[in-house]
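Listed here are the chains, written in short residue letters.
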Amino acid sequence: MDLQRLVVHDVKDRIGSLAMAMEALLRWAGANVRYRDLNAALGLSLRTTAVRGNACLGWWSTHGCDAFLVETARLYGVRLRALHPPEAAVGLSEHEPFGQHFDASYAPLVRRALEHGQPVIAWQGWPDARAWLWGLITHTRDEGVGFGGTTMWSHGETVLLASPPVQLYVVEEIAPRELSDHELFDLAVRGFRNAADDSAAADSNVVTGETAYDLWLERLEKDEVCPTCGNRGGRCHLQHARFLSSHRATGVRFFEHYRDGADETLQPLFDALAANCKGPINALTTSRDPQAVDKLVKTAQGRAALAVGVRAARSFDIATAEEISRLTNAIT
């Protein structure tokens, strides 16, 4: 297959870069897949993420997205090979020698994969505002770190990697298969359950569920909600709220789509889950308003007002986790 035809296309309101990369990959291989299903299968639709330390708040949601990537890909007929375990990627972007290590150790493996027509899933290294996204390396280049590829927010154009990616998965083989509803639900519910109880991250600094909300609220108690970006921290808060809301919107579509085909005893659970997914979207309305956030983030009183919405979103996620437990018991 022609790697040049492998492209991630931007779609309004979709900002799950790993799910979008997987959708592009599978469609390139001839599969008929849906973003909402992939995002659910990866356990991301109900996931709230935070990162301890000074990591940029705006990119928290991109950390640890690959917790279930290899298994999910396998069930969709894609065999992946991680060039290093997820835990080995922890903190790599902060080490200057990593560039040299990438050139010596990983770049030759990526080139060899591309020579055999095998794209490579990559996290970080993309240019400009796309730096922390997931995408697909599809060809070699003479500039930058020697590779180009496709990722979200690129208007369907290929782009040059500006720095070494931190995580890499070679797509060794694709024989697309359609998941049964049972397989998809097993994947999604497992991912949703782990996202709620913070049990799947390879990086101990990456937390999910209630703990993630606690860290977000701690940021809002400080003058700088994003120590990485300083005065621009309001934009980071805004982006995190948008990412979370977008994921919940895919959860709404997932539960509403499969509700009608479910057993009558399960339909009330699906209704409750869809309603609880809408809760954080509504609660974070102000946090997604650029003008409101720009004003509120500058004062303690304003940040306290933003925190009200974050706490409300957390309450809906707690209720969602309880419904997921009920759903798990009902289908096992």
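Novice: An account of the overall build of the chain is requested, with residue identities and associated values reported.
Specialist: A count of helical and extended segments in the chain gives ten helices and eight strands. For the chain, the C-alpha radius of gyration of 20 Å lies close to 20 Å, the compact-globule estimate for 332 residues. Dimensions of the chain along its principal axes, counting C-alpha atoms only, are 50 × 50 × 35 Å. Looking at the chain as a whole, 56% of its 332 residues are labelled buried. A total of about 14,700 Å² of accessible surface is found on the chain, and carbon and sulfur atoms cover 47% of it. Side-chain charges of the chain comprise 34 positive and 41 negative groups, with the mean position of each set lying 3 Å from the other.

Novice: How would you summarise the packing of aromatic side chains if you had to cite specific residues and measurements?
Specialist: This model, assessed by the stated rule, comprises 15 aromatic pairs. On the basis of an interplanar angle of 70° and a centroid distance of 6.0 Å, the ring pair of Trp123 and Trp132 is categorised as edge-to-face. Using a relative accessible area of 23% as the deciding quantity, one classes Trp132 as partly exposed. Ring centres of Phe254 and Phe255 lie 5.4 Å apart, and the angle between their planes is 80°; on these two criteria the pair is classed as edge-to-face. Classification of Phe254 by relative accessible area gives buried; the value is 1%. Residue Phe255 is classed as buried on the basis of its relative accessible area of 1%.

Novice: Just give me the short version of the side chain of His237, but keep the residues and values in it.
Specialist: Mapped onto the fold, His237 is located in helix H7 (residues 233–259). Setting aside chain neighbours within four positions, we find His237 in contact with Leu57, Trp216, Leu220, Ser287, Val293, Leu306 and Val310.

Novice: Quick one: what's the story with the side chain of Thr49, residue by residue and with numbers?
Specialist: Of note, Thr49 is situated in strand S1 (residues 49–51). Taking relative accessible area as the criterion, Thr49 reaches 2% and is therefore assigned buried. Within the structure, Thr49 has its side chain in polar contact with the side chain of Arg47 (distance 2.8 Å). Once residues within four sequence positions are removed from consideration, Thr49 is found in contact with Trp60, Ser61, His63, Val206, Val207, Thr208, Ala212 and His240.

Quick notes on the rules
Residues numbered from 1 in each chain as written. Predicted model: local features only at pLDDT ≥ 70, side-chain atom pairs only at ≥ 80, totals over all residues. Heavy atoms only, no water. Helix = DSSP H or I, 4+ residues; strand = E, 2+ residues; numbered from the N terminus. Rg over C-alpha atoms; globule rule 2.2 N^0.38 Å. Buried < 20%, exposed > 50% of the residue type's maximum accessible area, 1.4 Å probe, protein only. Areas by Shrake-Rupley, 256 points an atom, 1.4 Å probe, with all protein chains shown as cover. Lys, Arg positive; Asp, Glu negative; His and termini not counted. Charge placed at Lys NZ, Arg CZ, Asp CG, Glu CD. Phe/Tyr/Trp six-rings, centres within 6.5 Å; stacked < 30°, edge-to-face > 60°. Contact = heavy atoms within 4.5 Å. Polar contact = N/O pair within 3.5 Å; in protein donor to acceptor, adjacent residues only side chain to side chain.

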